[in-house]
Amino acid sequence: MTSRFKAVFGEPKPVIGMVHIGALPGSPLYDPEADLLAAARADLLALQAAGFDAVMFGNENDRPYEFEVDRASTAAMAMLIGQLRSEITVPFGVNVLWDPMSTIALGAATGAGFVREIFTGSYASDMGPWTPDAGRAMRYRDRLGRSDMAMLYNVSAEFAHSLDQRPLPDRARSAVFSSIPDAVLVSGQITGEAAALSDLEAVKAVLPDTPVMANTGVKHDTVADVLAIADGCIVGSSLKTDGDTWKAVDPDRAQDFMDRVRKARA
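Q: So what exactly am I meant to see when it comes to the pattern of salt bridges here?
A: Side-chain pairs of opposite charge can arise whenever the charged atoms involved come near each other. Inspection of the entire model under this criterion finds 12 salt bridges. Across the pair Arg 146 and Asp 148 runs a salt bridge, and its minimum N-O distance is 2.9 Å. The salt bridge partner of Lys 247 is Asp 242, with a shortest N-O separation of 2.8 Å. For Lys 247, a relative accessible area of 37% gives the class partly exposed.

Encoded structure:
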């Protein structure tokens, strides 16, 4: 386990709940009448009340997605997180889809403990050719004085197909050697769809000393199986009303999820 991962999360097998911020200025789905702050606050407080180990703020509804995100979106996320900062009682992270540099900048500006993105690999995606640069992103983090900020690398990009034909475990093992992530994340094909347990098992088998987390699609009835393999998970859609990614966090669903997590970890 990396020192940054342990310093941020502490808890063995941390469970991170998503605060999906509504569509932001600069994106086609932005609604000037929407109260983005109130919605984000309600989700944050519900997750904290349920006992999540950490939260992560993301711009999931800024569709169509971009590799270089509109500055207005990143600035708006910073403003919203800043307004909520005094109410955040757990470690928090950020993810500006699908822009590593904006993610690093937002994390540094808001005091986030960790960031998540696609930092390595080469993909054919819905957004076009996808070629992130982990070296550039990590050096940017350090230039901003945030070498303490943990970087979580998603090695199986959603909405995309890897052009690297090596098996997923080989790509994950190589990314750890070449690009020194603090944790490796394994995803399903799109937001809310589960990573195969066999993929989690295979990646964990070759990375016994690196945290490996399930990144998408963890459900109430699968979280115990996931945590039996993985070193934690990130969950969003399962906690929402009716399990719908675009709805608010349901406090009862969030509480039930963490009740199952505590039982599994025990």
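Having put the structure on the table, let's press on.
Q: Mind showing me how you'd approach the layout of surface pockets here?
A: Left-over empty space is what a probe sized like a water molecule reveals as it rolls over the atoms. Approximately 400 Å³ is the volume found for the largest pocket. The wall of the largest pocket is formed by 16 residues, among which Phe 67, Glu 68, Asp 99, Met 101 and Arg 136 lie closest to the centre. Broken down by secondary-structure element, the contributors of at least two residues to the lining of the largest pocket are α3 (71-84) and α4 (100-110). Among the elements that line the lining of the largest pocket, the one with the most residues is α4, at four residues. The computed volume of the second largest pocket comes to approximately 240 Å³.

Q: Would you take a moment to explain empty space enclosed by the protein for this structure?
A: On inspection of all chains with the given rule, the structure shows one cavity of 30 Å³ or more. Put simply, the largest cavity is a space of about 190 Å³. Every residue lining the largest cavity is counted, 23 residues in all, and those nearest its centre are Glu 60, Arg 116, Thr 191, Asn 215 and Thr 216. Broken down by secondary-structure element, the contributors of at least two residues to the lining of the largest cavity are β1 (15-20), β4 (114-117) and β11 (233-235). Split by residue class, the lining of the largest cavity holds eight nonpolar, 11 polar and four charged.

Q: Whenever I open this one, α4 confuses me. Can you help?
A: Think of an α-helix as turning once every 3.6 residues; residues three or four places apart then point the same way. Counting buried positions over the 11 residues of α4 gives eight, a clear majority of the element. Buried residues along α4 sit in contact with α3, β3 (92-95), β4, α5 (134-143) and β7 (150-154). Of the residues flanking the start of α4, the one acting as N-cap is Asp 99, its side-chain oxygen 3.2 Å from the backbone nitrogen of Met 101.

Q: Teacher, can you tell me more about the pairing of β7 here?
A: Counting buried positions over the five residues of β7 gives five, a clear majority of the element. The side-chain alternation of β7 yields two buried faces, one formed by Ala 150, Leu 152 and Asn 154 and the other by Met 151 and Tyr 153. Sheet topology places β4 next to β7; four bridges connect them, and they run parallel. Within β7, the position partnered with Glu 117 by the bridge is Tyr 153.

The rules behind these values
- Residues numbered from 1 in each chain as written.
- Predicted model: local features only at pLDDT ≥ 70, side-chain atom pairs only at ≥ 80, totals over all residues.
- Heavy atoms only, no water.
- Salt bridge = Lys/Arg side-chain N within 4 Å of Asp/Glu carboxyl O.
- Buried < 20%, exposed > 50% of the residue type's maximum accessible area, 1.4 Å probe, protein only.
- 1 Å grid on protein atoms, 1.4 Å probe; cavity = no way out; pocket = protein on both sides within 12 Å on 5 of 7 lines; lining within 4 Å.
- Points joined across faces, edges and corners; volume = space filled by probe spheres on them.
- Helix = DSSP H or I, 4+ residues; strand = E, 2+ residues; numbered from the N terminus.
- Nonpolar A, V, L, I, M, F, W, Y, C, P; charged D, E, K, R; others polar.
- Contact = heavy atoms within 4.5 Å.
- Polar contact = N/O pair within 3.5 Å; in protein donor to acceptor, adjacent residues only side chain to side chain.
- Pairing = 2+ DSSP bridges.

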